[in-house]
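# Commentary on secondary and tertiary structure
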Amino acid sequence: MLAIRAAKLFDGIGPELVERPVVLAEGGRVVAVHPGGSVPAGAELLDLGDVTLLPGFVDTHVHLAFDASEDAVGRLRRAGDEELLDRMRAAGRAALAVGVTTVRDLGDRGYLALRLREETAKDPTAGPTVLASGPPITTARGHCWFLGGQAEGVDAIRAAVRERAERGVDVVKVMVTGGDLTPGSDPFHVQYSHAELLAAVREAHRHGLPATAHAHSAAGIADAVAAGFDMVEHCFFVTEITDESDETDTGVDYDRRILDDMARLGVVASLTLGALPGGPPPPPRIARRIPGLVAGLAAMREAGVGVVCGSDSGIFPVKAHGSHPYSVVAMAETGFGPLEALRAATSAAARACGVACRKGCIAPGFDADVVAVAGDPLADITAVHAVTAVLREGVRVDPDKPQQGPAGP
Ligand SMILES: [Zn+2]
């Protein structure tokens, strides 16, 4: 039995921290959490010192197959499957090193994330636990079509969902609106009819799978909610700015009725805030939207919409693999505060991803996925950057420890 000792512990729910915790783990699971620091006889002590233990982070939105370069799409399209899988292994290890012990991959090519899921299930040091959608379902030449998930019409969409269920995906992802990453795609435009979206959700639910919608615009979010999606990715209610000189146009148009529907129906918003510091300043169209986005997030909180924390790692250099702590900090700093941000990155994220009984909490029966940070992240959220140790399923996987996973590129 392993006994992990620290100064404080956030169990994933809080609000109080446990003082002088000892977490007992055996066979990869937590068996007990004792306050007060006493270690049972015969246990192997891992004293992490003056740190706070948190549940390993559950990142609800990553793209392991994108390499976070300036040309992430081009580099993906030029890579063969084996080379791509090697990059995905490295991306997974980068996430694990900052305390992300579970990732939900929402867009790979050729179901490669399912191969990685198998590898990391066998070896906790090889990367995080992987949950995956496979290639997102999209229209012909629609958003991220090059990942291979093109399907149009009710029958083709049902078949596409069935194929994913047979492959063993953990979630079905549909590109409800276009996106910025794909030339020729319009993030404000809804790609599918109501009948098509309904067919996707019903088929996913028939197979016991949750369905998540990529949607940027209010129209896309409303259509996703009306079709019964369980979750909306991004969910920022952005609108097209047609006239840059019109200063009354904020580029954001959140709709309180849609937010109320989301809260009432339990549709979760998977927010993809935050970025690495030091990047170029945001382009004017994005900068102009920031006040509206912050107001929209406040309205979301007021309406009681469930929120979880995703990074969208991989798509741009400022969204590097391992940037997830910046998403947690951004959530706290855009009005959610440290407690809600930490829940959104742990227990709430695990619940939304369907792994609530294994991940996101430090409690008996849960996987012993633990991250240790210097300081108290409830007092100062930036403590999540100061990771001193990471354990996945009870195995220490710190970045400075030698990794035994498959060799990277
Ligand atoms: Zn994404």
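Rules used throughout
Residues numbered from 1 in each chain as written. Predicted model: local features only at pLDDT ≥ 70, side-chain atom pairs only at ≥ 80, totals over all residues. Heavy atoms only, no water. Helix = DSSP H or I, 4+ residues; strand = E, 2+ residues; numbered from the N terminus. Contact = heavy atoms within 4.5 Å. UniProt positions renumbered as here; feature names shortened; annotations may be inferred. Core = buried A, V, L, I, M, F, W, Y, C linked by side-chain atoms within 4.5 Å. Buried < 20%, exposed > 50% of the residue type's maximum accessible area, 1.4 Å probe, protein only. Domains from an automatic or database assignment.

### Considerations on the environment of F336
One can find F336 in helix 9 (residues 324-345). On a C-alpha basis, the gap between F336 and A298 in space is 8.2 Å, while along the polypeptide they are 38 residues apart. Once residues within four sequence positions are removed from consideration, F336 is found in contact with L271, L297, R301, V307 and M331.

### So, the UniProt feature "domain: Amidohydrolase-related" (unreviewed entry) in the chain
According to UniProt, the feature "domain: Amidohydrolase-related" (unreviewed entry) maps to residues 52-394 in the numbering used here. Helix makes up 38% of residues 52-394 and strand 17%, with an end-to-end C-alpha separation of 17 Å.

### As for the nonpolar core
One finds F229, M262, L271 and M300 to be the most contacted residues of the largest nonpolar core, which totals 96 residues. By residue number, the principal contributor to this core is helix 9, which donates 10 residues. Both of domain 1 (2-55 + 360-396) and domain 2 (57-352) provide at least three residues apiece to this core. Contacts of F229, omitting those with residues within four sequence positions, involve V174, V176, L197, V201, A211, T212, A213, A224 and V267. Counting 17 residues, the second-largest nonpolar core is a separate cluster that includes L2, L46, V51 and L53.

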